[in-house]
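Architecture and fold: a report
This is what each chain is made of:
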There are 4 protein chains.
Amino acid sequence: MSTSPVKALVWGENFHEQENKLVREVYPDGMHACIAAALAEDPGIEAATATLQEPEHGLTAEALAAHDVLLWWGHAKHGEVADEVVERVAASVWAGMGLIVLHSGHFAKIFKRLLGTPCNLSWREAGEKERVWTVNPRHPIAAGLPPSFVLPQEEMYGEPFGIPEPLETVFVSWFEGGEVFRSGVTFRRGAGSIFYFQPGHEVYPTYHDPHVRQVLRNAVRWAANPQPRIEKVTDAPNVPAASAPEPLTERGPKLHAAGEEGFK
Amino acid sequence: MSTSPVKALVWGENFHEQENKLVREVYPDGMHACIAAALAEDPGIEAATATLQEPEHGLTAEALAAHDVLLWWGHAKHGEVADEVVERVAASVWAGMGLIVLHSGHFAKIFKRLLGTPCNLSWREAGEKERVWTVNPRHPIAAGLPPSFVLPQEEMYGEPFGIPEPLETVFVSWFEGGEVFRSGVTFRRGAGSIFYFQPGHEVYPTYHDPHVRQVLRNAVRWAANPQPRIEKVTDAPNVPAASAPEPLTERGPKLHAAGEEGFK
Amino acid sequence: MSTSPVKALVWGENFHEQENKLVREVYPDGMHACIAAALAEDPGIEAATATLQEPEHGLTAEALAAHDVLLWWGHAKHGEVADEVVERVAASVWAGMGLIVLHSGHFAKIFKRLLGTPCNLSWREAGEKERVWTVNPRHPIAAGLPPSFVLPQEEMYGEPFGIPEPLETVFVSWFEGGEVFRSGVTFRRGAGSIFYFQPGHEVYPTYHDPHVRQVLRNAVRWAANPQPRIEKVTDAPNVPAASAPEPLTERGPKLHAAGEEGFK
Amino acid sequence: MSTSPVKALVWGENFHEQENKLVREVYPDGMHACIAAALAEDPGIEAATATLQEPEHGLTAEALAAHDVLLWWGHAKHGEVADEVVERVAASVWAGMGLIVLHSGHFAKIFKRLLGTPCNLSWREAGEKERVWTVNPRHPIAAGLPPSFVLPQEEMYGEPFGIPEPLETVFVSWFEGGEVFRSGVTFRRGAGSIFYFQPGHEVYPTYHDPHVRQVLRNAVRWAANPQPRIEKVTDAPNVPAASAPEPLTERGPKLHAAGEEGFK
């Protein structure tokens, strides 16, 4: 049997690459382009990109409808992402679009919006060693990975991580400086699957690492929901007595007039 | 040993009681007053009230700091609750305040804010019978309840309920018209415990029902966190290399200057 | 791209079909054969069967290794399933085999073994109507289903259902007699995904129902883990200091001699 | 208001203390006695002990009924614990008794029985440093603890830890040798709350550490369920049509004769 490719859209803030020589040397075409290239190594994934600077940040209703999974890398410009776009992305996730939030995206509006928590953590930029451990072997996101792998230099993100209890914890990281972090965690919001993955500080070549690239490809496949999006995903439909699944005779006092919409 | 009473604050929208004769007859002192009286039947709970119409809706920083648990009943005026107050309540929950959201509060800004989902459902106001089943016997919120209890008339709320997978499902309800609903579910957001409880349509005497009143008292005790609130609950502290738990020598490129705050 | 078919093994107790005329009329080739035929309607699934009466109940190490997903229907003869086979199935699940437990299989040894709870419920055989509601729209197991579907006659299974909190609740059922039941729930044990589905009483034609058949096919695809099984899935490997990821000097007292195995 | 003390029963294998000079020096009265003394520092807890060597290992039906929470330390003699006693303890947990499993108790029959997974892990006895991080601040089990605390010497337990996804993850540990471990995790089985806590290797003075002792006291209070135990906790009651909550007319074929018990 054959299946259609998964369509992934890699969103990049695309700021540090433009402003900072160090980052540009590591990611000459932008971080988003490097991530998209990692995805495209899987013939079952088609990867496109969008950036903050595009109209509507490249996240039009059409773009969101056309992709199965959105990947998000942002850092310095979280505040410049339009609230309207954030709500549109949230609704797309509820309707079935997958979302993969990377590294400093923990503070992206969309991540905080969907998780309902501060999403804060402790951090240190010291070029220290991180060792990523798989705690959930054979989870689809961990497919093909060794028991642990090392990133010679990463930004430390430390617990407590201000997230709700994850649906599943896939990775936990050890840092040279003494901290630990739940570095790969999944959530579900409506029909949309969400994965957060901690590595990816902009001054280090993390997205060139083959293990990290494998995680990204795995996560895209895991997050894709082949079913059609849920329509009217925020509606609260009234089911009048005449349409009740079981025969029902209305009785008692009523606040709502017949056919009235509910309050929101 | 002795313990301090749990301090509960019952927030009421206080609109239908003022505008609708039917509701006023059922709840002559307001729904919030009836709920507070239910709580006060437990000598270990002290209950106060606040309403939409008060300055800052009665939800000042002082009021939130002074109470262990906030109960929320709103319906027609969700949109009139100030966003600033919603954020204040959310931060209080993250810091350790319990929150109990009642009935039509499923669409309250604070509930949607903390859950990160649409919180929608299907509904019908037909005075039909609801039977509430305990699916989690001996859960603290179900203490003292029979296997099931009947509300002769309730508003039908039906699945799918647009919430994240609950931490625990305590109650599931059967409706005369053929629907089911996860009518009692728990969540945790930061240090705050959250309980949603579906019964409580304003034209029926639900909050006079002894089983419902027992659930409310149980939930208040369950949601109370006796520990001090978390301070600076949204902060992301930088831990410089010199303060790392383990001896650490900085190396490699850096984006951030020493002592700099992170981006938000 | 193309993928291999999912290999499913349908295990049937195959007792009522042999002993009871009513059941034989509904399932002349056995319930397991009917279920396998439902799966085979998906060209991406290859379905085989095994029964209690075969040597090792048809669940040899080879059979378990050769299939991605095991479906289990048992009722009257749970006690006759050999403990050794149960342990073998459990280890296969931990290693990555999917498991779908059907109806009265809630009391199968393998289900209780993997869940660690009594898995009890209330029940009634009265030919009553069941309405199955999807509470988790667009979950892979609910793909293609309507918001709810009716089984004109099913055995009532009622809450409380003695299971751990599910990973996800997919279906909740309404019964004519007044009960509710979490009729579709998922769990994960090691690398193995587990789905329990309540409909399927032997005297009713449930496994001829198109919606039920769709659920079974969906569940098989969902439960299949294409990765290789985990080897030595119960081992607790010793990692001597010389092999530690970080340089480590042993110090302090020791109970274990070098190279010693741990206690089990 | 006043509440009764929580009654805790500390179960010790009591083998290393008898056989090994090193362990005896650290725990001259036995590990169980040291743990019980830690609990008794809380005036709200009454602590007793039981050991493997007592009749029925000190875990008679009366003993289990008389205590709110059971703590379990075992290591070399897991295999000597009678299966009958294990089932009795499991049933007590389902009925509402709390259970706290310590360190090498990850391989205790009762822990594997209740979790349904191998409960395996990697390990190393090298006297290395462990740093325990609270990932769930203000969780009752973390009350009064600092963000992290150090145990100068502990046995390394490393991921993957063969457990189901926890209800809540409270602690994650960093090890000097490079591993990480989810060192404090909660589960619920029936009405019983379960906490696993990793520190506690017998040759190190872990149970003399004030932070560890605080965790134990917190966990006992958290795990205690003041409600009466569930009776007949494994029963699957038949609810005949005549007793159905809603009026119900039996129809259709039947396998079971009236009043018959279900199969188990």
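An unreviewed UniProt entry lists chain A under the name ThuA domain-containing protein, with Candidatus Amphirhobacter heronislandensis given as the organism.

**Side note on the overall build of chain A**
If you tally the helices and strands in chain A, you get seven helices and nine strands. The C-alpha extent of chain A, read off along each of the three principal axes, is 70 × 45 × 35 Å. Considering only contacts within chain A whose residues lie at least 6 apart along the sequence, 72% involve residues at least 24 apart. A total accessible area of about 8,700 Å² is found for chain A, and carbon and sulfur atoms account for 53% of it.

**Looking at the interface of chain C and chain D**
Contact with chain C, which involves 69 residues of that partner, is made by 69 residues of chain D. Interface of chain C and chain D: buried area, both sides summed, is about 5,300 Å²; carbon and sulfur atoms make up 58% of it. On the chain C side of the interface with chain D, the three residues burying the most area are C:Trp123, C:Arg251 and C:Leu255, jointly 14% of the side's total. The interface formed by chain C and chain D contains two salt bridges. Between D:Glu176 and C:Arg251 there is a salt bridge; the shortest N-O distance is 3.3 Å. At the junction of chain C and chain D, the tally comes to 32 residue pairs in polar contact (both at pLDDT 80 or more). Counting only elements with at least two residues in the side of chain C that touches chain D, the list comes to helix H2 (21-26), helix H6 (109-115), strand E5 (122-134), strand E6 (148-158) and strand E8 (180-189) of chain C. Among the elements that line the side of chain C that touches chain D, the one with the most residues is E5(C), at eight residues.

**Quick look at the sheet that holds strand E5 (residues 122-134) of chain A**
Residues and elements named next belong to chain A. If you trace the nine strands from one edge of the open sheet to the other, you get E2-E1-E3-E4-E9-E8-E7-E5-E6, paired in mixed fashion. The open sheet has two edge strands, strand E2 (45-51) and strand E6 (148-158), and neither has a second partner. Across the sheet, the mean angle from the axis of one strand to that of its neighbour is 25 degrees, orientation sign disregarded. Relative to E6, E5 is paired through eight bridges, and the arrangement is antiparallel. Looking at E6, one finds that Arg124 is bridged to Met156.

**Concerning the relation of the copies chain A and chain B**
Copy one and copy two of the chain differ by a rotation about an axis and a translation along that axis. When chain A is fitted to chain B, the residual RMSD is 0.0 Å, and the transformation amounts to a turn of 180 degrees plus an axial shift of 0.0 Å. Here the transformation between the copies is reduced to the relation of a two-fold axis. Considering only C-alpha atoms, the residue of chain A closest to the rotation axis is A:Gly116, which sits at 2.6 Å. When the interface residues of chain A are mapped onto chain B, 100% of them again fall at the interface, so both copies present the same face.

**Details of the interface of chain A and chain B**
Each partner contributes residues to the interface: chain A has 69 residues there, and chain B has 69 residues. Across the chain A/chain B interface, buried area totals approximately 5,300 Å², and carbon plus sulfur atoms make up 58% of it. For chain A, the biggest contributors to the area lost against chain B are A:Trp123, A:Arg251 and A:Leu255; these three give 14% of the whole. The tally of links between chain A and chain B comes to 32 residue pairs in polar contact (both at pLDDT 80 or more). Of all the secondary-structure elements, those providing two or more residues to the side of chain A that touches chain B are helix H2 (21-26), helix H6 (109-115), E5, E6 and strand E8 (180-189) of chain A. Looking at which element gives the most residues to the side of chain A that touches chain B, the answer is E5(A), with eight residues. Here the residues of the side of chain A that touches chain B sort into 28 nonpolar, 21 polar and 20 charged.

**Some remarks on the pattern of salt bridges**
Working definition: two side chains of opposite charge can pair if their charged atoms are close together. What the rule picks out here adds up to 64 salt bridges over all chains. A salt bridge links B:Lys129 to D:Glu246; its shortest N-O distance comes to 2.9 Å. One end of the pair, B:Lys129, is in strand E5 (residues 122-134); the other, D:Glu246, is in the segment after helix H7 (210-223), on a second chain. By relative accessible area, B:Lys129 is classed as partly exposed at 22%. Overlapping salt bridges, with partners in common, bring together A:Glu41, A:Arg213 and A:Arg217 in one network.

The rules behind each value
- Residues numbered from 1 in each chain as written.
- Chains lettered and ligands numbered in written order.
- Predicted model: local features only at pLDDT ≥ 70, side-chain atom pairs only at ≥ 80, totals over all residues.
- Heavy atoms only, no water.
- Helix = DSSP H or I, 4+ residues; strand = E, 2+ residues; numbered from the N terminus.
- Contact = heavy atoms within 4.5 Å.
- Areas by Shrake-Rupley, 256 points an atom, 1.4 Å probe, with all protein chains shown as cover.
- Buried area = accessible area lost by both parts, 1.4 Å probe.
- Salt bridge = Lys/Arg side-chain N within 4 Å of Asp/Glu carboxyl O.
- Polar contact = N/O pair within 3.5 Å; in protein donor to acceptor, adjacent residues only side chain to side chain.
- Pairing = 2+ DSSP bridges.
- Axes fitted to C-alpha atoms, helices over the stretch in contact; angles between N-to-C directions.
- Least-squares fit on C-alpha atoms with pLDDT ≥ 70 in both.
- Nonpolar A, V, L, I, M, F, W, Y, C, P; charged D, E, K, R; others polar.
- Buried < 20%, exposed > 50% of the residue type's maximum accessible area, 1.4 Å probe, protein only.

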